[in-house]
Every structure is written in structure tokens, then in C-alpha cells.
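Below, each chain spelled out in residue letters.
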Amino acid sequence: MSAFAVTPSFLWRSGALLTAAGITTGAFGAHGLRARAGVTPHQIESWGTAAHYAIFNGIALLVISGHPRFSTSRFSGPAILAGSVVFSGSIFALVLNREKFRFLGPITPLGGLAMIAGYVSLALP
């Protein structure tokens, strides 16, 4: 037996927290981020994209948690969750301090690939 079991409850809670984080970061991007000196419109747009991806993926995890087969998949939900955290989190960090977190730039697409792999796995038999 694996040390980590994916349960519908885990996916539900993860989805709820990811959605809440997306809403919170989206609100900060719409209000607080604009007040920061040196933040460009492109950075605000990137921040919004990251927040939207967190919200959409969180909602997807809420839906997946109710699926009879995929709610216990050891790959689909965790890949979507991890990919979203890496993708959105790296964008948030890069917008806040590009110089300090420059190493995350190449990591961002890996989060996107993990999300895609998670969704593709939902379509496989």
C-alpha cells in the first residue's frame, strides 16, 4: 500500500483551498498589486492568468472528487493539483520579485505540462 492515498476528501479539500487561493490572489492582483511601484500591465495580466488557472483547476478538483473512478486516481488529481501550484505559484513569485525567483521561469511550463497530463489521463480508458 502506498504512503499517500488519494481520497475524494483530499481532492475536495485541495480543490476548495486552491479555488480560495485563486480568488484571494486574484483580488490582490486587481487591487493591491496595482499599487506596487514598478509593476507593469503585463505583470498584472500574468498575475491574473495565474489566479484564473488556480480557480479553474480548483473547481475541476471539486468536480473530480465526485467522480466514481477518478476521485481515487493516484495520478489525475494530484497531477492537476501539483501542476497548478507550480504553474500559478511560480508566476506569482516571478511577478513579486523577478530577480530573486528567476530560477522559477523554466519551472513554470513544467507545471503546465503536469496539469495537461492530469487532464489527458482523465480521458484515457
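Predicted, not measured: the structure shown is a model, and the values here were computed from it. (Residues numbered from 1 in each chain as written. Predicted model: local features only at pLDDT ≥ 70, side-chain atom pairs only at ≥ 80, totals over all residues. Heavy atoms only, no water.)

**Quick notes on the packing of helix α3 (residues 76–96) against helix α4 (residues 108–123)**
Cut-off, in case you're wondering: The angle between two axes is taken between their N-to-C directions and runs from 0 to 180 degrees, where each axis is a line fitted to C-alpha atoms and a helix contributes only its stretch in contact. Numbered from the N terminus, helices here are DSSP runs of H or I no shorter than four residues, and strands are runs of E no shorter than two. Between 65 and 115 degrees an angle is taken as roughly perpendicular, under 35 as roughly parallel, over 145 as roughly antiparallel, and anywhere else as oblique. Helix crossings fall into two classes, left-handed where the near helix is turned counterclockwise from the far one by less than a right angle and right-handed where it is turned clockwise. Should any heavy atoms of two residues lie within 4.5 Å, those residues are counted as being in contact. Gly is placed with the polar residues, together with every amino acid not listed as nonpolar (Ala, Val, Leu, Ile, Met, Phe, Trp, Tyr, Cys and Pro) or charged (Asp, Glu, Lys and Arg).
The contact between α3 and α4 brings their axes to 7 Å, and the two run at 155°. What the angle tells us is that α3 and α4 run roughly antiparallel. Where α3 crosses over α4, the two elements pack in a sense that is left-handed. For the pair α3 and α4, contact is made by Ser 76, Ala 79, Ile 80, Gly 83, Ser 84, Val 86, Phe 87, Ser 90, Ile 91 and Leu 94 and by Thr 108, Gly 111, Gly 112, Ala 114, Met 115, Gly 118, Tyr 119, Ser 121 and Leu 122, respectively. Looking at the contact of α3 with α4 residue by residue, the classes come out as 10 nonpolar, nine polar and no charged.

**Considering the nonpolar core**
Here is the rule: Here, the term nonpolar core denotes a set of buried Ala, Val, Leu, Ile, Met, Phe, Trp, Tyr and Cys residues that are joined through side-chain atoms within 4.5 Å. Accessible area is worked out with a 1.4 Å probe on protein chains only. A residue is then buried under 20% of its type maximum, exposed over 50%, and partly exposed in between.
Of all hydrophobic cores here, the largest spans 11 residues; its members are Leu 33, Val 39, Ile 44, Trp 47, Ala 50, Ala 51, Phe 87, Ile 91, Phe 92, Val 95 and Met 115. Elements represented by at least two residues in this core include exactly α2 (41–64) and α3. Excluding residues within four positions of it along the chain, Phe 87 makes contact with Tyr 53, Thr 108, Gly 111, Gly 112 and Met 115.

**Considerations on the environment of His 42**
Within the fold, His 42 resides in helix α2. Considered as a pair, His 42 and Ala 79 are 37 residues apart in the sequence and their alpha carbons are 28 Å apart.

**Digging into the packing of aromatic side chains**
Counted only if it meets this: Side-chain rings of Phe, Tyr and Trp (the six-membered ring for Trp) are treated as a pair once their centres are within 6.5 Å; stacked means planes under 30 degrees apart, edge-to-face means over 60, and tilted covers the remaining angles.
Taken as a whole and judged by the stated rule, the model has four aromatic pairs. Consider the rings of Tyr 53 and Phe 87, whose centres lie 4.8 Å apart with planes at 40°: the pair is tilted. Of the two residues, Tyr 53 is situated in helix α2 and Phe 87 in helix α3; the sequence distance between them amounts to 34 residues.

**Some points on helix α1 (residues 8–31)**
As a reminder of what qualifies: A helix is expected to reach a length of 1.5 Å times the quantity of its residues less one.
Given a rise of 1.5 Å per residue, 24 residues ought to cover 34 Å, and the 34 Å separating the end C-alpha atoms of α1 matches this to within 8%. Residues of α1 that are buried include every one of Leu 11, Ser 14, Gly 15, Leu 18, Thr 19, Gly 22, Thr 25 and Gly 29, and no others.

**Here we look at the environment of Val 39**
If you trace the backbone, Val 39 turns up in the loop between α1 and α2. Counting along the chain gives 56 residues from Val 39 to Val 95, while the straight-line C-alpha distance between them is 7.8 Å. Discounting residues that sit within four places of it in the chain, Val 39 has contacts with Leu 33 and Ile 44.

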